[in-house]
Amino acid sequence: MHGNGHFREYRKRIRYNDPLLIRTFAMPDSPELLLPAGSLEKMRAAYDFGADAVYAGQPRYSLRARNNAFSTLDALKEGIDEAHRRGKKFYVASNIYAHNAKLKTYLADMAPVIDMKPDALIMADPGLIMLVRDRWPEVPVHLSVQANAINWADVKFWQRMGLMRVILSRELSLDEIAEIRQRCPDMELEVFVHGALCVAYSGRCLLSGYFNHRDSNQGTCTNSCRWNYKIANAAEDATGDILPLDMAQIMAAPEIPPSALGEMPRHPAAERVYLIEEGKRPGQLLPIMEDEHGTYIMNSKDLRAIEHIGRLVEIGVDSLKIEGRTKSVYYVVRTAQAYRQAIDDAVAGRPFDTRLLGALQGLANRGYTDGFYKRHHTQEYQNYLSGASELHNSHYVGDVVSAENGWATVLVKNRFSVGDTLEIFHPAGNTVVSLEKMTNEEGETVTVAPGSGHRVRIPLKARYNGAFIARRLSGGTSGENGKDSP
């Protein structure tokens, strides 16, 4: 039974060197909040602001090769050890579909990772899963969303294979998830609730469904990939937002030096982000990126399902996952804090706080959707979401690197000025302040923090050391714990 204050008895069948070991344990109703950890800094921020667990991966065997600070074994071990000291969990993504060449090195490369005792491996390839289960039968394995588990028979199959958790496909509705939970009561289920949505992965194309609501995976493709698209130059700012650029700015960038493997240097234009516009949809710009691992084309709107947390808690989903290992630490802070509150409110039986929709609006995003969770929204529901999302907006501007004697030193990420309203985000509680004065590091009065890389000092209490700062762009409230004087 999934009621407030109750516990569920789960019978988990774990294959452990044969015979099957039956473990019975209690699971609390509150689901796990699972955040991305693209670096140690992001991992720490996730835990500080409410995450129960994080996931990270090594570039060679996970689906996020870019900007991965856990590319070394030392960094990965430091992350896992620190997580366990905090009483938190750390999952390692190993979710590629491997070609033969990677099978030759996989077990040898994973052996030192297994020795670090991550709380689970996130995997998709049945062959790699078989190899891991044969070599390390005691290691928990979670089925990656890349495996596209979309029905209860899928879940039962992977349970029979000895997996502990299934990360369900993003294409499922709330009602479908509820049926899977009912039919598979003794299997852990995880779903995505926030982050980027893929239009296509290899042959699993969602582009037709995104533009025309015709699912190419169900035989109704409209060949959207062959439509007429225009391209514009762009770049990613400190918050992860994609902004247009002119060609002069592109060509002025320095060339990328050869890698340690001796590869030829790539022209800076090949390292950039671009925007494409479909001929019949002027003004709808979609990012396209390319790196040494391939081309990333046509992202959809971003997933934001925070308004469905109450239903997911009621259903009994075990883990709620946020996407974004390559996003900024500010993104991690804001999503962790907002979804932590939504989960705690749902478990306690409190109504959903609509201000959380506005809080997430301040993040870099390409427009929000709740994905496939609700197939058909009423006009009243759409108006409710639109109104709640417009409560306020904000822009990430800096990090508090020290605070004492009533003044804080801020590492500036984006421009802000005296007279701005600032939101201060801290694990101990948020606040909103009106910036009335500011100095440079030498103590000289200034009115503008000009941009990334500069340092300024602002009036702020010492308890906000380590906080993150955003500039309020519009009115309203964001669910802060209370306002405070500087």
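Source: prediction; values computed, not measured.

Definitions and cut-offs
- Residues numbered from 1 in each chain as written.
- Predicted model: local features only at pLDDT ≥ 70, side-chain atom pairs only at ≥ 80, totals over all residues.
- Heavy atoms only, no water.
- Helix = DSSP H or I, 4+ residues; strand = E, 2+ residues; numbered from the N terminus.
- Buried < 20%, exposed > 50% of the residue type's maximum accessible area, 1.4 Å probe, protein only.
- Areas by Shrake-Rupley, 256 points an atom, 1.4 Å probe, with all protein chains shown as cover.
- Phe/Tyr/Trp six-rings, centres within 6.5 Å; stacked < 30°, edge-to-face > 60°.
- Lys NZ or Arg CZ within 6 Å of the ring centre and 35° of its normal.
- Axes fitted to C-alpha atoms, helices over the stretch in contact; angles between N-to-C directions.
- Parallel < 35°, antiparallel > 145°, perpendicular 65-115°, else oblique.
- Left-handed = near helix turned anticlockwise from the far one by under 90°.
- Contact = heavy atoms within 4.5 Å.
- Pairing = 2+ DSSP bridges.
- pLDDT = per-residue confidence, 0-100.
- Arc of directions from axis to C-beta.
- Polar contact = N/O pair within 3.5 Å; in protein donor to acceptor, adjacent residues only side chain to side chain.
- Nonpolar A, V, L, I, M, F, W, Y, C, P; charged D, E, K, R; others polar.
- Bend = angle between axes of the 7 residues up to and from the residue.
- 1 Å grid on protein atoms, 1.4 Å probe; cavity = no way out; pocket = protein on both sides within 12 Å on 5 of 7 lines; lining within 4 Å.
- Points joined across faces, edges and corners; volume = space filled by probe spheres on them.

Helix and strand counts for the protein chain stand at twelve helices and 28 strands. When the 486 residues of the protein chain are sorted by exposure, 50% land in the buried category. Surface accessibility of the protein chain: about 22700 Å² in total, with carbon and sulfur atoms responsible for 50%.

Overall, the coordinates contain six aromatic pairs when judged by the stated rule. Judged by centre distance (6.2 Å) and plane angle (65°), the rings of F49 and F468 are edge-to-face. Pair noted here: F49 is in the loop between α1 (40-48) and β4 (53-57) and F468 is in strand β28 (residues 468-472), with a separation of 419 residues, a long-range link. The burial state of F49 is the same as that of F468; both residues are buried. Note on Y330 and Y396: the rings are 4.3 Å apart at their centroids and 5° apart in plane angle, and the pair reads as stacked. With Y330 in helix α10 (residues 329-348) and Y396 in strand β20 (residues 394-404), the pair connects residues that are 66 residues apart, well separated along the chain. The structure contains a cluster of three or more aromatic residues connected by ring pairs, namely Y330, Y396 and F425. The aromatic ring of F192 is capped on one face by R170, whose charged end is 4.0 Å from the ring centroid. The side chain of K321 reaches across the aromatic face of Y55, ending 4.4 Å from its centre.

It is the contact of helix α3 (residues 100-115) with helix α4 (residues 126-135), at a shortest axis distance of 11 Å, that shows an interaxial angle of 30°. In terms of orientation, α3 lies roughly parallel with respect to α4. For α3 against α4, the interelement crossing comes out right-handed. Residues L103, Y106 and L107 of α3 lie in contact with α4, whose contacting residues are L128, L131, V132 and R135.

This part covers the sheet that holds strand β25 (residues 439-440). The strands making up a sheet are joined through hydrogen bonds of the backbone, oriented either antiparallel or parallel. The sheet built from seven strands is open, its strands ordered β24-β23-β28-β20-β21-β27-β25 with antiparallel pairing. One side of each edge strand has no neighbouring strand; the edge strands of this open sheet are β24 (431-434) and β25. The pairing of strand β21 (residues 407-412) with strand β27 (residues 455-459) spans five bridges and is classified as antiparallel. The partner of A408 across the bridge, within β27, is I458.

Right, let's talk about the confidence of the model for the protein chain for a bit. Looking at the protein chain as a whole, its pLDDT mean stands at 80, while 72% of the residues score no less than 70. In this model, residues 1-28 is a region of pLDDT below 50 whose contacts with residues beyond four sequence positions or in other chains number 70 contacts. Overall, residues 476-486 carries pLDDT values under 50, and its contacts beyond four positions in sequence, including any with other chains, amount to 37 contacts.

The next thing to look at is helix α5 (residues 152-160). Along α5, the residues that are buried comprise V155, W158 and Q159. Axial view of α5: buried residues confined to an arc of 105°, hence all on one face. Considering only its buried residues, α5 is in contact with α4, β7 (141-143), β8 (165-167), α6 (174-183) and β9 (188-195). At the N-terminal boundary of α5, the capping side chain belongs to N151, with an oxygen 3.0 Å from the backbone nitrogen of A153.

Attention now moves to the packing of α1 against helix α2 (residues 73-85). α2 packs onto α1 with a crossing angle of 15° between their chain directions and a minimal axis gap of 10 Å. Taken together, the axes of α1 and α2 are roughly parallel relative to one another. Our pair here, α1 against α2, has a crossing hand that is right-handed. Contacts from L40, M43, R44 and Y47 of α1 reach α2 at A75, E78, G79, E82 and A83. Here the contact of α1 with α2 is built from residues that sort into five nonpolar, one polar and three charged.

In the structure, α3 departs most strongly from a straight axis at Y106, where the bend amounts to approximately 45°. For α3, the set of buried residues is Y106, M110, A111, V113 and I114. Its buried side turned inward, α3 meets α2, β5 (89-93), β6 (120-123) and α4. Directly beyond the C-terminal end of α3, a positive phi value near 60° is found at K117.

With that settled, consider empty space enclosed by the protein. The full count for this structure, using the stated rule, is five cavities of 30 Å³ or more. What lines the largest cavity is a set of 13 residues, among which S169, R170, F192, L303 and Y373 lie closest to the centre. The class makeup of the residues in the lining of the largest cavity is nine nonpolar, two polar and two charged.

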